[in-house]
Amino acid sequence: MIITKSLESFYEKTEIVEECLEWTGTRRNNYGIVTSRPNSKSPIQATHIAWFLQTGEVVPDGKFLLHSCDNPPCVLFDHLFVGTHEENMLDMYDKGRRQRAKPYTPKSDAGWRFSLAEIYAIREALEKDKSWGCLTRIARRFDTSPTQIASIRDGKLHASR
Ligand SMILES: [Zn+2]
């Protein structure tokens, strides 16, 4: 019922912004949401409705709809793709890297902080590469030191926020 009602008015609540189709209805954390009633605790993400309209399928549990355009309010089907939580974190990590002017300028190892997304990405890399020299290889990839990679592996480093 909720979805059926939303379908009719869905595209009335969008506007073309550059190459994207942005949701003009309610947003939460800049992502479009559709609620069946005000203050609903379980809103449907606008992107999930766009996906359903196009494919007739519901996004599987545990999967996320990610934006190829990196624009959270966008509901353009062509800009959406299904990914896992890990892919979501890596996606954020990649985008974070691109936006950061300088990689890292730590004063010392002790002052080094990683974002949660980076720690996920590093842990993923550690899972995939357990051969000799992996710490050095991964450290190079993430612009850090093998000591820092080992600390993350051993759970001694925590996210900065
Ligand atoms: Zn878009």
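So, here's what we can say about the structure. Note that the structure is predicted; figures quoted are calculated from it, not measured.

**Observations concerning the overall build of the protein**
When helices and strands are tallied, the protein shows 6 helices and 7 strands. Shown N-terminal to C-terminal, the secondary structure of the protein runs as helices and strands in the order α-β-β-β-β-β-α-β-β-α-α-α-α. A burial count over the protein gives 19% of its 161 residues as buried. In the protein, the share of contacts with a sequence separation of at least 24, taken over all contacts with a separation of at least 6, comes to 48%.

**Considering the nonpolar core**
Ranked by size, the top nonpolar core spans 12 residues in total: F10, L21, W23, V34, A46, I49, A50, W51, C74, V75, L76 and L80. At the level of secondary structure, the elements contributing two or more residues to this core comprise β2 (20-23) and α2 (46-55). Counting residues in each nonpolar core, the second largest holds 7 residues, with A121, I122, I138 and F142 among its members.

**As for unusual backbone geometry**
The phi angle at D70 is positive, at roughly 60 degrees, despite the residue not being glycine. Here D70 lies in the loop between β6 (63-67) and β7 (80-84). With a phi close to 55 degrees, D143 is a non-glycine residue in the positive phi region. As for its placement among the helices and strands, D143 is situated in the loop between α5 (134-141) and α6 (146-153). According to the C-beta neighbour criterion, D143 is exposed, with 12 such atoms within 10 Å.

**As for the environment of H85**
Note that H85 resides in helix α3 (residues 85-99). Judged by local crowding, H85 falls into the exposed class, with 11 C-beta atoms found within 10 Å. Separated by 21 residues in sequence, H85 and F64 have C-alpha atoms that sit 6.6 Å apart.

**Quick word on the pairing of strand β1 (residues 14-17)**
Note that β1 and β2 share 4 bridges and pair antiparallel. Counted as the bridge partner of T14 is W23 from β2. Hairpin connection from β1 to β2: 2 residues lie between these consecutive antiparallel strands, with E18 at a positive phi of about 50 degrees.

**Re the pairing of strand β4 (residues 31-34)**
The alternating pattern of β4 places G32 and V34 on a buried face, while none of Y31 and I33, on the opposite face, is buried. One ladder, built from 2 bridges, connects strand β3 (residues 27-28) with β4; its direction is antiparallel. For R27, the partnering residue across the bridge sits in β4 and is G32. Linkage of β3 to β4, two consecutive antiparallel strands, is achieved through a turn of 2 residues, within which N29 is found at a positive phi near 55 degrees. Sheet topology note: the β4/strand β5 (residues 44-45) ladder contains 2 bridges and is antiparallel. Note on β5: the bridge partner recorded for I33 is Q45.

**Considerations on the sheet that holds β5**
Taken in spatial order, the 3 strands of this open sheet run β3-β4-β5, and their pairing is antiparallel. With one partner strand each, in any of the chains shown, β3 and β5 form the two edges of the open sheet.

**So, α6**
For α6, the complete set of buried residues consists of Q148, I149 and I152. Down the axis of α6, the buried set is contained in an arc of 100 degrees. They therefore lie on one face.

**A closer look at the packing of α5 against α6**
Running from N to C, α5 and α6 point in directions that differ by 105 degrees, and their axes come no closer than 8 Å. As far as their axial angle goes, α6 and α5 are roughly perpendicular. Residues L135, T136, I138 and A139 of α5 lie in contact with α6, whose contacting residues are P146, Q148, I149 and A150. Split into classes, the residues belonging to the contact of α5 with α6 amount to 6 nonpolar, 2 polar and no charged.

The rules behind these values
Residues numbered from 1 in each chain as written. Predicted model: local features only at pLDDT ≥ 70, side-chain atom pairs only at ≥ 80, totals over all residues. Helix = DSSP H or I, 4+ residues; strand = E, 2+ residues; numbered from the N terminus. Buried ≥ 20, exposed ≤ 12 C-beta atoms within 10 Å, placed from the backbone. Contact = placed C-beta atoms within 7 Å. Core = buried A, V, L, I, M, F, W, Y, C linked by C-beta atoms within 7 Å. Pairing = 2+ DSSP bridges. Arc of directions from axis to C-beta. Axes fitted to C-alpha atoms, helices over the stretch in contact; angles between N-to-C directions. Parallel < 35°, antiparallel > 145°, perpendicular 65-115°, else oblique. Nonpolar A, V, L, I, M, F, W, Y, C, P; charged D, E, K, R; others polar.

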